[in-house]
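Residue-level listing of the chains:
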Amino acid sequence: MIPIAKPYLTQDEAQAAYDTILTGWITQGPKVQEFEEKFATYTGAKYAVAVSNCTTALHLAMIVAGIGEGDEVICPSMSYIATANAIKYVGATPVFAEVQPNTYNLDPDDAEKRITDKTKAILIVHQIGMPADIDAFHELCEKYNLKLIEDAACAVGSSYKGSKIGSHSELVCFSFHPRKVISTGDGGMITTSREDYYQRLKLLRQHGMSVNDRVRHEANKVIFEDHVEIGYNYRLTDIQAAVGIKQLEKLDWIVAERRKIAYAYNEAFKGIDFIQLPAEEEEYLSNFQSYSIYLKESCPLDRNIIMQELLDKGIASRRGIMNSHRESAYKKLYSNLVLPVSEDLQDNSVILPLFVPMEEKEISSVINTFLSIVVPTFTTT
Ligand SMILES: *Cc1c(COP(=O)(O)O)cnc(C)c1O
């Protein structure tokens, strides 16, 4: 069985977790701080704040950006549902806009059409690791005086116009779930260019506490903390951070390996006219968190039949990225919404296995099996 994904974890990560446990400091402490500093350096961001996952990162980003009751935030429906949920958490309304058919990323023109006097922010998503057109959205946000927030859950290690995702905006949120490119079990990070956001994010993730545990522990004078506002417990643990530091050291290599596999798939499928390959434009560099292809109408077989046949032959696959407005949690509120591009991409895209390390024979097995299903005249050479 070839799985859809698996995290790349080795003895290094296990040892780092082991060593951290034996230090006796296991929740947010020195390892979290080290991970944040290294993550900021890696992405080229001014500051980084570690949190428990990307959903909590997005929630805190909404709060510090000042989004609340009655506000509207434009985002893609075609994304993991956590994107929309984070907007709901602060009492605001997700306004779903269309994506571009070739990149799966939010369409700036369609987003602009949905701006009203209640719109406060645009939440872009770098879909399955492919950077969205950040500059176009910065321009749009400037024009209408909106906040721009990036959901970069899948985009750690991707880059846009020569710099890493995490360095382009005031608030960028990452995930370290095992389905993403590097993992700490669960985990998240927010990068920010603003000192005031940085300070507030650190307060909010730890109960609004003015003095953190580490500072109190190291102090030689008695200090008392104040809880300056109502915060949350969204901490990452030092055990997770120790794993994250090891993962970060390997990230560029992992991304390079993933890109090789994606390009091997592209090479194998490029001659088939009913397959639309992932579009990677000049100066956009994807980490290929997932490899998704779109099957055009001329595809001889139904997408779901292809997926079942792949499964029968030992190869896992997934449908295209979900549409939040079609899920039960949102369906009633958005019963009149139709997003033809997003819905079509969900229904007719298929995600193929991609993980590191992936052996040559696994890569060719995916290619040959897929081709033998969709191209009746295909013979392995
Ligand atoms: C995975 C994902 C999230 C949620 O990340 P968690 O760390 O699991 O909370 C949010 N947005 C997108 C686009 C994702 O892919």
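Residues numbered from 1 in each chain as written. Predicted model: local features only at pLDDT ≥ 70, side-chain atom pairs only at ≥ 80, totals over all residues. Heavy atoms only, no water.

A. Geometry of the site of the ligand. Residues in close proximity to the ligand total 14 residues, the closest being Cys54, Thr55, Asp151, Ser175 and Lys180. Between the ligand and Asp151, the relevant distance is 2.8 Å, taken from a nitrogen atom to a side-chain nitrogen or oxygen of the residue. Within the side chain of Ser175, an N or O atom sits 2.7 Å from an oxygen atom of the ligand. For the ligand, whose free accessible area comes to 380 Å², the fraction covered by protein is 89%. (Near = heavy atom within 4 Å. Polar contact = N/O pair within 3.5 Å; in protein donor to acceptor, adjacent residues only side chain to side chain. Areas by Shrake-Rupley, 256 points an atom, 1.4 Å probe, with all protein chains shown as cover.)

B. Examining the nonpolar core more closely. One finds Phe35, Phe39 and Ile122 to be the most contacted residues of the largest nonpolar core, which totals 42 residues. For this core, the secondary structure elements donating two or more residues are α2 (30-43), β1 (47-51), β3 (93-97), β4 (119-125), α6 (134-144), β8 (171-175) and α9 (238-269). Taken together, domain 1 (11-249) and domain 2 (252-374) each give at least three residues to this core, which thus spans both. Setting aside anything within four residues of it in sequence, one finds Phe39 in contact with Ala48, Val156, Phe174, Phe176, Met189, Thr191 and Leu248. (Core = buried A, V, L, I, M, F, W, Y, C linked by side-chain atoms within 4.5 Å. Buried < 20%, exposed > 50% of the residue type's maximum accessible area, 1.4 Å probe, protein only. Helix = DSSP H or I, 4+ residues; strand = E, 2+ residues; numbered from the N terminus. Domains from an automatic or database assignment. Contact = heavy atoms within 4.5 Å.)

C. A look at the UniProt feature "modified residue: N6-(pyridoxal phosphate)lysine" (unreviewed entry) in the chain. In the numbering used here, UniProt assigns the "modified residue: N6-(pyridoxal phosphate)lysine" (unreviewed entry) feature to Lys180. Within the element layout of this structure, Lys180 appears in the loop between β8 and β9 (188-192). Here Lys180 falls in the buried class, since its relative accessible area comes to 18%. If sequence neighbours within four positions are ignored, Lys180 has contacts with Ala153, Cys154, Ser175 and Gln289. (UniProt positions renumbered as here; feature names shortened; annotations may be inferred.)

D. Structural detail: the packing of helix α3 (residues 54-64) against helix α7 (residues 195-204). Direction vectors running N to C along α3 and α7 enclose 125 degrees, while the axes themselves pass 10 Å from each other. Classified by the interaxial angle, the pair formed by α3 and α7 is oblique. The crossing of α3 and α7 is right-handed. Residue-level inspection shows Leu60, Ala61, Ile63 and Val64 of α3 in contact with α7, the latter providing Tyr197, Arg200, Leu201 and Leu204. (Axes fitted to C-alpha atoms, helices over the stretch in contact; angles between N-to-C directions. Parallel < 35°, antiparallel > 145°, perpendicular 65-115°, else oblique. Left-handed = near helix turned anticlockwise from the far one by under 90°.)

E. Expanded view of the sheet that holds strand β11 (residues 284-285). With antiparallel pairing, the three strands of this open sheet are ordered in space as β7-β6-β11. This sheet does not close on itself; its edge strands, each paired only once, are β7 (163-164) and β11. Relative to β7, strand β6 (residues 159-160) is paired through two bridges, and the arrangement is antiparallel. When the sheet's bridge partners are listed, Tyr160 is paired in β7 with Ser163. (Pairing = 2+ DSSP bridges.)

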